[in-house]
Amino acid sequence: MGYRIVNVDSTVILERPKLKDYRQTIRESLAAALGLDLDCLSVKFKTAEKVGPVGEGRSAEAQAVVTLVRD
């Protein structure tokens with residue numbers, strides 16, 4: 001539609017499982033799915049410090065900021 005993705009900065013928020021050992025695999029999968037170079041994609045992991053549904057392990061959150069440019 002006239003735009004392309006330049007950068008993705010994503011954060012996964014959950015208590016368990018700990019995903020840090022899978023960061024590179026997740027980045028590679030996302031980069032391939034989006035057609036991006038690895039250096040254009042960031043994946044971070046956080047916990048909710050045992051607060052709310054995420055902190056209690058009943059849910060998970062994902063957030064992403066995507067930079068687009070017009071072609």
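The following refers to the structure shown. Bear in mind the structure is a predicted one, so any value in this text is a computation, not a measurement.

So, about the nonpolar core. V8, L36, C40, L41 and V43 together form the largest nonpolar core, which totals five residues. Beyond its immediate sequence surroundings of up to four residues, C40 is in contact with V6, N7 and V8.

Bringing the sheet that holds strand β2 (residues 41-46) into the picture now. Read from one edge of the open sheet, three strands run β2-β1-β3, paired in mixed fashion. Bordering the open sheet on either side are β2 and β3 (61-70), each of which pairs with just one other strand. Between one strand and the next, the sheet's axes are offset by a mean angle of 15°, whatever the strand orientation. Judged from the 10 bridges that link them, strand β1 (residues 3-13) and β3 form a sheet pairing that is antiparallel. In the sheet register, V12 faces β3, and the bridge partner there is A62. On the sheet, helix α1 (residues 23-34) packs against β1 and β2 and is oriented at approximately 140° with respect to β2.

So, on to unusual backbone geometry. Of note, the bond from R16 into P17 is cis; its omega dihedral lies within 30 degrees of zero at 0°. With respect to the helices, strands and loops of the structure, P17 is situated in the loop between β1 and α1. One non-glycine residue, E49, lies in the positive phi region at around 55°. Along the chain, E49 falls in the loop between β2 and α2 (52-55). Note on E49: relative accessible area 61%, which makes it exposed. A positive phi angle, close to 65°, is found at K50, a residue other than glycine.

Cut-offs and rules
Residues numbered from 1 in each chain as written. Predicted model: local features only at pLDDT ≥ 70, side-chain atom pairs only at ≥ 80, totals over all residues. Heavy atoms only, no water. Core = buried A, V, L, I, M, F, W, Y, C linked by side-chain atoms within 4.5 Å. Buried < 20%, exposed > 50% of the residue type's maximum accessible area, 1.4 Å probe, protein only. Contact = heavy atoms within 4.5 Å. Pairing = 2+ DSSP bridges. Helix = DSSP H or I, 4+ residues; strand = E, 2+ residues; numbered from the N terminus. Axes fitted to C-alpha atoms, helices over the stretch in contact; angles between N-to-C directions.

Nothing here speaks to function; it is geometry throughout.
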